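# Report on the structure
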Amino acid sequence: MRRVGLNSLAVLSVAAIGLAGCSYTQNSDISNPLVRKSAWFSYLNADDLRTACSAGDAEGRIRIIYNADYYDEVRVFELDPHAGNQQFDLTTRVFGPAQVKEINVEINAPLGAFGGEHATDVIGRDDYIAITDALQQDGFGTQKDRDGIRLYSDDYYWVALGCSSGYVTLATWMSGVDDLRALQFPAVLTELSSIDRKLPEPPAKENARSQSAAQVQTIQNNESGTFYRTVRGNMLR
């Protein structure tokens, strides 16, 4: 696995960064729930960020997603550098049962189309570095043996993706595989975000559902609306 540490994200070029608008490969009929789920998969895998990153238009951008049982709450954190890389937009979005059914990741507004509570806070370079340092301490860029791990929608997990030097690095933390309560970066994010709502607490490590138990439960409840994504190298499939 190629290591792309967030030191390179934190120490950005002093040149101005042109942040291109996020884009998807096709426009979607979001009124169709199957299409909506497909759009969410694309957003979760950061297809738009990957395209912009490979084009050199997303240096230093970071997307972090917390799935706290998909039909209860999902929280999204987006970090976007300003020109000069001394200030950054930290956009936080929270959506719960009422909004999750309306998740709308359209071609021209992958964030703006979400329902739910949202806020954009301008943070400084030191705050940005505090986030990237915490991510690194939690394994961003150094995770191993993740291939095949499933991220189940009816459970708790984190996904983080960052663009550096034209390459997107993916990290995942799944309840039942990782100790989510021991992660450091969530506290840094919530401290910097002006949204006051507390993060839903994941199960303690000893009480978390295993991957095998989750698979059995998903098979037994195949009409529950539960879905999952699988870590495949640097992608979610």
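Structure's up top.
Reading the values: the criteria
Residues numbered from 1 in each chain as written. Predicted model: local features only at pLDDT ≥ 70, side-chain atom pairs only at ≥ 80, totals over all residues. Heavy atoms only, no water. Helix = DSSP H or I, 4+ residues; strand = E, 2+ residues; numbered from the N terminus. Buried < 20%, exposed > 50% of the residue type's maximum accessible area, 1.4 Å probe, protein only. Contact = heavy atoms within 4.5 Å. Areas by Shrake-Rupley, 256 points an atom, 1.4 Å probe, with all protein chains shown as cover. Pairing = 2+ DSSP bridges. Phe/Tyr/Trp six-rings, centres within 6.5 Å; stacked < 30°, edge-to-face > 60°. Lys NZ or Arg CZ within 6 Å of the ring centre and 35° of its normal. Disulfide = S-S within 2.5 Å. Core = buried A, V, L, I, M, F, W, Y, C linked by side-chain atoms within 4.5 Å.

## Things to note about the overall build of the protein chain
- A tally of regular secondary structure across the protein chain gives 7 helices and 9 strands.
- Across the 237 residues in the protein chain, those meeting the buried criterion constitute 50%.
- Of all intrachain contacts in the protein chain linking residues separated by at least 6 positions in sequence, the fraction that spans at least 24 positions is 70%.
- Accessible surface computed for the protein chain: about 10800 Å², of which carbon and sulfur atoms make up 46%.

## Some words on unusual backbone geometry
- Phi at Ala46 takes a positive value of approximately 60 degrees, unusual for a residue other than glycine.
- Along the polypeptide, Ala46 turns up in the loop between helix H2 (33–44) and helix H3 (47–54).
- With a relative accessible area of 0%, Ala46 lands in the buried category.
- Phi angles above zero are rare outside glycine, and Ser165 is one such case at about 55 degrees.

## Regarding the pairing of strand S6 (residues 156–164)
- Across the 9 residues of S6, 9 count as buried, placing the element largely inside the fold.
- The side-chain alternation of S6 yields two buried faces, one formed by Tyr156, Trp158, Ala160, Gly162 and Ser164 and the other by Tyr157, Val159, Leu161 and Cys163.
- Strand direction decides the pairing type here: strand S1 (residues 62–68) and S6, joined by 7 bridges, are antiparallel. Within S6, the residue paired with Asn67 across the bridge is Tyr157.
- Pairing between S6 and strand S7 (residues 167–174): 8 bridges, direction antiparallel. Paired with Tyr157 across the strands is Met174, a residue of S7.
- Linking S6 to S7, which pair antiparallel, is a turn of 2 residues; within it Ser165 sits at a positive phi near 55 degrees.

## Topic: the packing of aromatic side chains
- Counted by the stated rule, this structure contains 12 aromatic pairs.
- On the numbers, 4.9 Å between centres and 50 degrees between planes, the contact of Trp173 with Phe185 is tilted. On the criterion of sequence distance, the pair formed by Trp173 in strand S7 and Phe185 in helix H6 (residues 185–192) is long-range, its members being 12 residues apart. Considered together, Trp173 and Phe185 belong to a single accessibility category, that of buried residues.
- Of the aromatic side chains, those joined through ring pairs into one cluster are Trp40, Phe41, Tyr43, Tyr70, Tyr71 and Phe227.
- The lysine or arginine in question, Arg209, covers the ring of Tyr152, its NZ or CZ lying 5.7 Å from the ring centre.
- Seen from the ring of Phe41, Arg229 lies directly overhead, with NZ or CZ sitting 3.7 Å from the centre.

## As for the state of the cysteines
- Taken as a whole and assessed by the stated rule, the structure comprises 1 disulfide.
- Cys53 shares a disulfide with Cys163; S-S distance 2.1 Å. As the torsion about the S-S bond is roughly 85 degrees, the Cys53-Cys163 disulfide counts as right-handed. Of this pair, Cys53 sits in helix H3 while Cys163 sits in strand S6, placing them 110 residues apart in sequence.
- Of the residues examined, Cys53 reaches a relative accessible area of 1% and is grouped as buried.

## Structural notes on the pairing of strand S8 (residues 228–232)
- In this structure, strand S5 (residues 150–152) lies alongside S8, joined through 3 bridges in antiparallel fashion. Following the sheet pairing, Tyr152 is matched in S8 by Tyr228.
- Pairing geometry for S8 and strand S9 (residues 235–236), over 2 bridges, is antiparallel. Of the residues in S9, the one forming a bridge with Arg232 is Met235.
- Count of turn residues in the S8/S9 antiparallel hairpin: 2 residues, of which Gly233 carries a positive phi of about 65 degrees.

## Focus: the nonpolar core
- With 28 residues, the main nonpolar core has Trp40 and Val159 as its most contacted residues.
- Elements with a minimum of two residues in this core: H2, H3, strand S2 (73–81), S5, S6 and S7.
- Setting aside chain neighbours within four positions, we find Val159 in contact with Leu44, Arg63, Ile64, Ile65, Leu151, Leu170, Ala171, Thr172 and Leu236.

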